[in-house]
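As a plain string of letters, each chain reads:
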Amino acid sequence: MLATAVFLSACQPAPDFHTDTDGSHSWQQLEGGYVVVNYFAEWCAPCLRELPELNEFHELYGDQVTLLGVSFDGLNNDELAALRAEYDIQFPLIQNEPLPNLPFAQPNALPATFIVTPSGEIKGPLLGEQTLASLAKATGLKLKEAH
């Protein structure tokens, strides 16, 4: 029985990325729902200004849309954890160890947000600070009242 379990686990495709809160993921697992991927950096003032909006989006719509953050600077996992704590980031962050397999190239400007539609189509990057309203619109959601 153990040999069967080992064989079956060896047939599983390698994950596309790992997050600091939810473990490993594949893009195939996320099909059928919207995924918002936001690139940010600590040195990017607009990135830091939009964090409260991203946190609120995650709180209000996290059951309908997967929001993921990506460090533009490629921080290691310990540095990423420190950044999360320092800026109170409340949504999952894609780790750089091991290197993630993302379906789009790293953007040339920040902040940059990609929208992956339920059918897997990539929209974006949306450049500049995103708001609760802009993210709801980009994912086809009705804007909820903020808490």
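Fair warning: this is a prediction, and the values are worked out from it, not measured in the lab. (Residues numbered from 1 in each chain as written. Predicted model: local features only at pLDDT ≥ 70, side-chain atom pairs only at ≥ 80, totals over all residues. Heavy atoms only, no water.)

Asks: I would appreciate a short explanation of helix H4 (residues 77-87) in the present structure.
Replies: In an α-helix, one turn spans 3.6 residues; hence positions three or four apart end up facing the same way. Residues of H4 that are buried include every one of Asn77, Leu80, Leu83 and Arg84, and no others. When H4 is viewed along its axis, its buried side chains cluster within an angular range of 115° and face the same direction. Facing away from the buried surface of H4 by more than 90 degrees, the exposed residues are Asp78, Ala85 and Glu86. Summarising the contacts, the buried residues of H4 are in contact with strand S3 (34-40), strand S4 (65-71) and strand S5 (93-94). (Buried < 20%, exposed > 50% of the residue type's maximum accessible area, 1.4 Å probe, protein only. Helix = DSSP H or I, 4+ residues; strand = E, 2+ residues; numbered from the N terminus. Arc of directions from axis to C-beta. Contact = heavy atoms within 4.5 Å.)

Asks: Mind showing me how you'd approach the nonpolar core here?
Replies: A general trend in soluble globular proteins is that nonpolar side chains are found buried together. With 37 residues, the main nonpolar core has Trp27, Val37, Tyr39 and Phe57 as its most contacted residues. At the level of secondary structure, the elements contributing two or more residues to this core comprise helix H2 (27-30), S3, helix H3 (45-61), S4, H4, S5, strand S6 (112-116) and helix H5 (132-138). The biggest single contributor to this core is H3, with six residues. Beyond its immediate stretch of four places on either side in the chain, Phe57 contacts Val36, Gly62, Val65, Leu67, Leu132, Leu135, Ala136, Thr139 and Leu141. (Core = buried A, V, L, I, M, F, W, Y, C linked by side-chain atoms within 4.5 Å.)

Asks: What am I meant to see in the pattern of salt bridges here?
Replies: Side chains that differ in charge, positive against negative, can pair when their charged atoms come close. In the structure shown here, the tally under the stated rule is two salt bridges. Between Arg84 and Asp20 there is a salt bridge, and its shortest N-O distance comes to 2.7 Å. Of this pair, Arg84 sits in helix H4 while Asp20 is found in the loop between strand S1 (17-19) and strand S2 (23-25), placing the two residues 64 residues apart along the sequence. The class for Asp20 is partly exposed, based on a relative accessible area of 28%. When the shortest N-O distance is used, the salt bridge between Glu129 and Arg49 registers 2.8 Å. Highlighted residues: Glu129 in the loop between strand S7 (122-127) and H5 and Arg49 in helix H3, separated in sequence by 80 residues. Since its relative accessible area comes to 38%, Glu129 is described here as partly exposed. In this structure Arg49 comes out as partly exposed when scored by relative accessible area, which is 49%. (Salt bridge = Lys/Arg side-chain N within 4 Å of Asp/Glu carboxyl O.)

As far as function goes, none of this settles anything; it's purely spatial.
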